[in-house]
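Observations on the model geometry
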Amino acid sequence: QAELKLHQLQVSAGGTPILNGVSLDIKGGEVHAIMGPNGTGKSTLSLALMGHPRYEVTGGSATLDGQDLLAMKVDERARAGLFLAMQYPSEIAGVSNANFLRTAVNARQPDGKEIGVLPFRKQLEAEMASLGIESKFADRYLNEGFSGGEKKRNEILQLAMLKPRIAILDEIDSGLDIDALKVVAQAVNSLRSPQMGVLIITHYQRLLEYIAPDHVHVLIGGRIVKSGGKELAQELEAKGYDWLKPQDPADP
Ligand code: ADP
Ligand code: MG
Ligand code: MG
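This report concerns the structure included in the present document. Everything quoted here is computed from the prediction, not taken from an experiment. (Residues numbered from 1 in each chain as written. Chains lettered and ligands numbered in written order. Predicted model: local features only at pLDDT ≥ 70, side-chain atom pairs only at ≥ 80, totals over all residues.)

With respect to the site of ligand 1
Put simply, the test is: Nearness here has a simple definition: the residue's C-beta atom, placed using the backbone, must lie within 6 Å of the molecule or strand. In this description a helix means any DSSP run of H or I spanning at least four residues, a strand means any run of E spanning at least two, and both kinds are numbered starting from the N terminus. For this scheme, ten residues count as nonpolar: Ala, Val, Leu, Ile, Met, Phe, Trp, Tyr, Cys and Pro. Four count as charged, namely Asp, Glu, Lys and Arg, and the remainder, Gly too, count as polar.
Around ligand 1, the structure places 13 residues, and the nearest of them are A13, G14, K42, S43 and T44. Within the residue set of the shell around ligand 1, elements represented by two or more residues are strand 2 (16–27) and helix 1 (42–50). Looking at the shell around ligand 1 residue by residue, the class counts come to two nonpolar, nine polar and two charged.

Okay, structure coming up:
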């Protein structure tokens, strides 16, 4: 069973502490959501876990399937099955979507055995069809000129093809209209399985109406200040975040 375990993780960016001890235990088959206001460190958490060089882990631990994630290089983390769909996916000029995906899928083959071009293409076309993505999309350059909705759908295609152990989805709902949101949510739901744990990072409760999380955590000031079930997301929608902000004793 897949498992991502964080214990008291502390992360700094540019010398400033952003995460001040985050603990989480995400198992295969579970969907966790991290919610919180802007600027509380949600993206810092996802980027630090992927090994982004701008984020320095200053304390605590992170393991993926029992292995020390923090000791792995970026490509090793991806190969070990950690996947991040980002708020702002980047363009890769000159690399077609299909080639990018095939390289990534082959890197994930445990025995180093590459998938042939034709079987890969077949699998890709089947996944694209089920996501309602046009087939010419496979041969376009990665993210170049993609609309916001196309980028998000494409990230879900990557997710479907790569079959990660742990998938982190950072604000995949931002900029999506309701129809695109439903497509993305339905795709994530269809990929739910004991082999994969999911961490959804979102500012709004809207996405969680379509992907019911098992656990909801509120991140404020670089700490998880409250955890609960999916009803916590509804409570946040109704009450906002202010009631959970730590009180400043000097300013009652
Ligand atoms: P969220 O995703 O919750 O909106 P972020 O993780 O993007 O929040 O940012 C959390 C805080 O860390 C913000 O105050 C932001 O300005 C700061 N921060 C993020 N990345 C960097 C960086 N590379 N260098 C310095 N500060 C950063
Ligand atoms: Mg933000
Ligand atoms: Mg963010």
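Focus: the sheet that holds strand 9 (residues 215–220)
Each strand in a sheet pairs with its neighbour through backbone hydrogen bonds, running either in the same direction (parallel) or in the opposite one (antiparallel). The condition is simple: Between any two strands, at least two bridges found by DSSP are needed for them to pair. Only C-alpha atoms enter the line fits that serve as axes; for helices the fit covers just the stretch in contact. Angles between N-to-C directions range over 0 to 180 degrees. Contact between residues is assigned whenever the C-beta positions, reconstructed from backbone atoms, fall within 7 Å.
An order of 6-7-8-3-9-10 is seen for the six strands of this open sheet, with the pairing classed as mixed. Both edges of this open sheet fall to strand 6 (82–85) and strand 10 (223–228), since each of them pairs with a single strand only. Going from strand to strand, the sheet's axes swing by 20 degrees on average, the running direction of each strand aside. Bridge count between strand 3 (residues 31–35) and strand 9: four bridges; the pairing is parallel. Its bridge partner lying in strand 9, A33 is registered against V216. In the packing of helix 1 onto the sheet, the strands contacted are strand 3, strand 6, strand 7 (166–170), strand 8 (197–202) and strand 9, and the crossing angle to strand 7 comes to about 145 degrees. Taken strand by strand, helix 7 (residues 230–239) contacts strand 3, strand 9 and strand 10, and its axis lies near 45 degrees from that of strand 9.

Some details on the packing of helix 3 (residues 97–107) against helix 5 (residues 148–162)
Under the convention used in this document: Each crossing gets its handedness from the near helix: less than a right angle anticlockwise from the far helix is left-handed, clockwise is right-handed.
Contact geometry for helix 3 and helix 5: axes closest at 10 Å, N-to-C directions at 35 degrees. Handedness of the helix 3/helix 5 crossing: right-handed. Here N97, L101, A104 and V105 of helix 3 come into contact with helix 5, specifically with N154, Q158, M161 and L162. In terms of residue class, the contact of helix 3 with helix 5 is built from five nonpolar, three polar and no charged.

Description of the nonpolar core
Let me state the cut-off plainly: Each nonpolar core reported here comprises buried Ala, Val, Leu, Ile, Met, Phe, Trp, Tyr and Cys residues connected via C-beta atoms within 7 Å. With C-beta atoms placed from the backbone, a residue is buried if 20 or more other C-beta atoms are within 10 Å of its own, exposed if 12 or fewer are, and partly exposed between those counts.
Within the largest apolar cluster, 58 residues are counted, with the highest numbers of intra-cluster contacts made by I166, I168 and I200. Among the elements that make up this core, the one with the highest residue count is helix 6 (residues 178–191) (five residues). Setting aside anything within four residues of it in sequence, one finds I200 in contact with V31, A33, L169, L207, I211 and P213.

What about helix 3?
The criterion, for reference: Here, the arc refers to the directions that run from the helix axis to the C-beta atoms.
For helix 3, the complete set of buried residues consists of N97, A98, L101 and R102. Axial view of helix 3: buried residues confined to an arc of 125 degrees, hence all on one face. Taken together, the buried residues of helix 3 touch helix 4 (117–130) and helix 5.

Remember, this is a structural readout, not a statement about activity or role.
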